[in-house]
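Descriptive structure summary
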Amino acid sequence: METEDELASYLDALERDACYHVDAVLKEGAFETTERVSFVGENGSALGPFVRKRIGGESGLGGAYEEVFSAQRRGVRLAHLPRLVECHRRDGDLVLVMEYVPGETLGDCVEACLSREERLGLVRRTFPDLCDAVSELHERLDPPVIHRDLKPGNVIVSPGGVTLIDLGIARAYRDGAEQDTTHFGTRAYAPPEQFGFGQTGVTSDVYALGMLLFFCVTGHEPVQADRERGFAGDGVPEGLRAVVRRATELDPLARYASVRELRDAVLGALGGESREAAPAAPELAPPTFGRDEYATSRSSRPSLSERLPSWMGAVRNVAVLSVTALLLVGCVGAFANPTPQNAAYPVWYLASSYLVCLPAMIVIGCYLLMDRRLLRARVPALARLDAGRERRLGLRSLGVVFLVYLVLTVLEQAV
């Protein structure tokens, strides 16, 4: 009976696979393909976005996702991980569908900070939450799951808090194992035991968090020279420097014994008091694949354009591009055949206005108004931007072009 249920679940999963429409390819490698997708129903309505991963079965990676999916089905609430919607094997590969979490990577947040004070403020706001996120993997799963790839690009910061992504190389801790069978990780943040010098455990993630703490405070990735000088300099406060040094000891036994201990040490170094242990999250019902649930999810709530069927997005794009083309033709016409009032302006001012500034603002506005799902699918660089970041960059660009236009107008009047 159990075999029949498993077969039915597998066939249902295959049927749902065909309903996912790929909006963008986020990552493509030898072992893994990551896509942003929408679930398109029989009536043409789309639900999403979601993230779909396909991990090659021969790689031996992705097992932690199965652990997390099993835990979520048992009702374990992991507030700092994307919720898994699908998890099944297909043709030997592991196929996953999870909620899409909008926000900025920790790396982007640090890059946006213009001073040490801003970076320390970012540490105060996000690092305790990041420690709680890693603690969930260690404390709420049995056996503990070790992330093994904690780096700025795998931490998403949003108004709702911190979310960990990419459990591709994460693994469950095996008591008594002498070392891991595979050696992966990002060199700047991975501890020595992750490269064949022992088995990774909870203190391996402590090491990576220590290196992430140094990155957040200084704005640059740690290198060997930083370790050699004891992480001194670069504006690192003495209290935090001591925390980084202990967290990143080469001997795992010399590090903080848990991520919670590291979190309290960071808060103490920042002048704050250790927080009370967060109450356990209420046990929730196992996740199910339901439209109502995901339509109201805090992290995967789609924008209006993302809820529209793809054909409506294409029609919208045609309309926007048509209006844009007319406006651009109008700009060229205004320069080539100026009105009597405009003819009084010098040629350089007319060219700057009608051939540079106004067309630039029209093109930027066109991009912001378009349904960009199809465009992201063809331009990988755009696929890495979420809608909020695109909108902010677009509005800033509009502001810069408008400021240039104002400066040119002031210069023309002064001449």
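About the criteria used
Residues numbered from 1 in each chain as written. Predicted model: local features only at pLDDT ≥ 70, side-chain atom pairs only at ≥ 80, totals over all residues. Heavy atoms only, no water. Pairing = 2+ DSSP bridges. Helix = DSSP H or I, 4+ residues; strand = E, 2+ residues; numbered from the N terminus. Contact = heavy atoms within 4.5 Å. Axes fitted to C-alpha atoms, helices over the stretch in contact; angles between N-to-C directions. Phe/Tyr/Trp six-rings, centres within 6.5 Å; stacked < 30°, edge-to-face > 60°. Buried < 20%, exposed > 50% of the residue type's maximum accessible area, 1.4 Å probe, protein only. Core = buried A, V, L, I, M, F, W, Y, C linked by side-chain atoms within 4.5 Å. pLDDT = per-residue confidence, 0-100. 1 Å grid on protein atoms, 1.4 Å probe; cavity = no way out; pocket = protein on both sides within 12 Å on 5 of 7 lines; lining within 4 Å. Points joined across faces, edges and corners; volume = space filled by probe spheres on them. Nonpolar A, V, L, I, M, F, W, Y, C, P; charged D, E, K, R; others polar.

1. Quick look at the sheet that holds strand S6 (residues 104-105)
- Judged by pairing direction, the sheet is antiparallel, and its 3 strands sit side by side in the order S6-S8-S9 without closing on themselves. The open sheet terminates on both sides in strands that have one partner only, identified here as S6 and strand S9 (161-164).
- Pairing geometry for strand S8 (residues 155-158) and S9, over 4 bridges, is antiparallel. Paired with Ser 158 across the bridge in S9 is Gly 161.
- Lying on the sheet, helix H4 (residues 116-139) is in contact with S8 and S9; it crosses S9 at an angle near 40 degrees.

2. Examining the packing of aromatic side chains
- By the definition in use, this model includes 5 aromatic pairs.
- Arranged with centres 5.3 Å apart and planes meeting at 75 degrees, the rings of Tyr 20 and Phe 39 form a pair that is edge-to-face. Of this pair, Tyr 20 sits in strand S1 (residues 20-28) while Phe 39 sits in strand S2 (residues 32-40), placing them 19 residues apart in sequence. For the residue pair Tyr 20 and Phe 39, the accessibility class agrees, reading buried in each case.

3. A closer look at the sheet that holds strand S4 (residues 84-90)
- In spatial order, the strands read S1-S2-S3-S5-S4; together these 5 strands make up an open sheet with antiparallel pairing. The two strands at the open ends of the sheet, each matched to only one other strand, are S1 and S4. Adjacent strand axes in the sheet meet at a mean angle of 20 degrees when their direction is disregarded.
- Relative to strand S3 (residues 46-55), S2 runs antiparallel, the two being bridged by 8 bridges. What sits directly across from Glu 35, in S3, is Arg 52.
- Here helix H2 (residues 63-73) sits on the sheet and contacts S3, S4 and strand S5 (93-99); the angle it forms with S4, its principal contact strand, is near 130 degrees.

4. With respect to the nonpolar core
- Judged by nonpolar contacts, the single largest core of 64 residues is most densely connected at Leu 106, Leu 130, Leu 164, Leu 209, Leu 213 and Val 266.
- With residues near it in sequence (within four places) discarded, Leu 164 still touches His 80, Leu 81, Pro 82, Leu 130, Ala 133, Val 134, Leu 137, His 147, Leu 150, Asn 154 and Val 155.
- Membership of the second largest hydrophobic core comes to 7 residues, among which are Tyr 20, Phe 39, Leu 47 and Phe 50.

5. Observations concerning the confidence of the model for the chain
- Mean pLDDT for the chain: 81, with 77% of residues reaching 70 or above.
- Per-residue pLDDT, averaged within each element of the chain, yields its smallest value for helix H9 (residues 291-295) (36) and its largest for helix H5 (residues 202-218) (95).
- For the stretch residues 272-304, pLDDT sits under 50, and the model shows 63 contacts to residues farther than four places along the chain or on other chains.

6. Quick notes on empty space enclosed by the protein
- With the rule as written, the count across this model stands at 4 cavities of 30 Å³ or more.
- Its boundaries defined by the atoms lining it, the largest cavity holds a volume of some 60 Å³.
- For the lining of the largest cavity, the per-class residue count stands at 9 nonpolar, no polar and 1 charged.

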